[in-house]
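# Per-entry structural report
Now for the letters of each chain:
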Amino acid sequence: MNQLVYNKANSIQEIRGIKDKKQIILDYLKKYKNKIEKLSVNDPFRKAISDLFGDNKELSKEACFELRDHVIEEMSRLDPSCYERYIRYRYAYEIFPITHQVDEFPPLVQIEPTSVCNYRCVFCYQTDTRLSNKKNGHMGSMNLDTFKLMIDQLEGNIEGITLASRGEPLVNKSLPEMLSYMSGKFLATKINTNASLLNEKMSHAILEADLQTLVFSADAADELLYSQLRVNGKFDRVAKNVEQFHNIKEKHYTKSKLITRVSGVKVKTEQDIGEMEQFWTRYVDQVAFVDYNPWENVYDADKKNILAPCSDLWRRLFIWWDGKVAPCDVDYLTTLTNETIKDYTISEIWNGENYNNLREKHLSGARQKIEPCSRCVVV
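The rules behind these values
- Residues numbered from 1 in each chain as written.
- Predicted model: local features only at pLDDT ≥ 70, side-chain atom pairs only at ≥ 80, totals over all residues.
- Heavy atoms only, no water.
- Buried < 20%, exposed > 50% of the residue type's maximum accessible area, 1.4 Å probe, protein only.
- Helix = DSSP H or I, 4+ residues; strand = E, 2+ residues; numbered from the N terminus.
- Contact = heavy atoms within 4.5 Å.
- Polar contact = N/O pair within 3.5 Å; in protein donor to acceptor, adjacent residues only side chain to side chain.
- Pairing = 2+ DSSP bridges.
- Phe/Tyr/Trp six-rings, centres within 6.5 Å; stacked < 30°, edge-to-face > 60°.

A few words on helix α2 (residues 44–52). Counted residue by residue, α2 has eight buried out of nine residues, so it is predominantly covered. Along α2, the positions that sit buried rather than exposed are P44, F45, R46, A48, I49, S50, D51 and L52. Tucked into the core, α2 has its buried residues touching α1 (19–29) and α4 (83–99). N-cap assignment for α2: the residue whose side-chain oxygen lies 2.7 Å from the backbone N of F45 is D43. One or two residues past the end of α2 sits G54, with phi positive at roughly 75°.

Here it is as structure tokens:
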């Protein structure tokens, strides 16, 4: 089992036991060193290989691509023939937010199967009735046709797809069909779930799809602490569901390369990574905490006086259940944009006037004049 450690930007810093895997991957990638000269100087793969083998010494360490632990773990489960595609994606995801480069498509698209959630976690914006009250029009589930419209645009253009955002994905009864439709079309796919609705049928649907990572959102290893944080949740039920998923995977999908992870939000001193690891290691590959981001009251929060631009403006795009697009899920009431994928293509939105104006304002130091960006801690 691998323990993960996250930084303030919710990005994985460390996984234990991957040193040998890294060397195997680097040895394989060396064969590309003499071939990258034929590629455009702006090609992400060319830049990544140059960084990995020390050819870009003028770059700062921050702007230099490297194979971090979680990237090695993900690549180790891919066929080597996919490495080039995957590194292009990973380079764009990690480096474009630093160099402020915008490609035709975002490196990753986060799709919301539903905005509805059966929990009211104390650290989540679902506690804001402006969002969760059905009368306000934010609640609903994506239909299969809308989902297919997005996947058809994204196939062959990006590798990163995450199914999650404001709601619990398993609430959407069409999720098995969604998973089937996107299977085999992307290299970096992920689902986040609280696992409360993870039954046997859904477990098979997930395992039959070509997914890279399944994240079980859990913040504790006992009922008392779990129930304090995951309001409406039952720890025993979640643990039983995760155990059942593990058993199905071990019995029926022995060749599965899916990475399973329990990931919690660190909000209390009582939360202990050692206890988490001790309990959850029997069921999953990885255990992690992410730092608390106070987004449940962002519209009412004090301004943070952060001038640095937000990395999400170059890293990913969010699409809600009804086709509306948002630059982040901190803006869970969708005040920053008004485009939908029913009116524009994903590429047109990503490269459109509204998005570019938002990027320019962040780059010019005007973040404090934008709401709710001025009240957010993400950089």
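In terms of burial, strand β8 (residues 286–291) is a largely internal element, five of the six residues being buried. Two elements, strand β7 (residues 259–266) and β8, share six bridges in a ladder whose sense is parallel. Among the inter-strand pairings, V265 is bridged to a residue of β8, identified as V290.

Inspection of every chain in the model, using the stated rule, returns 19 aromatic pairs. Here W280 and Y283 contribute two aromatic rings whose centre-to-centre distance is 6.4 Å and whose plane-to-plane angle is 70°, an arrangement assigned as edge-to-face. What makes W280 buried here is its relative accessible area of 0%. The class for Y283 is buried, based on a relative accessible area of 12%. Between the aromatic rings of Y299 and Y332, the centroid separation amounts to 4.9 Å while the plane-to-plane angle is 80°, which identifies the pairing as edge-to-face.

Any functional reading would require information beyond the geometric quantities listed.
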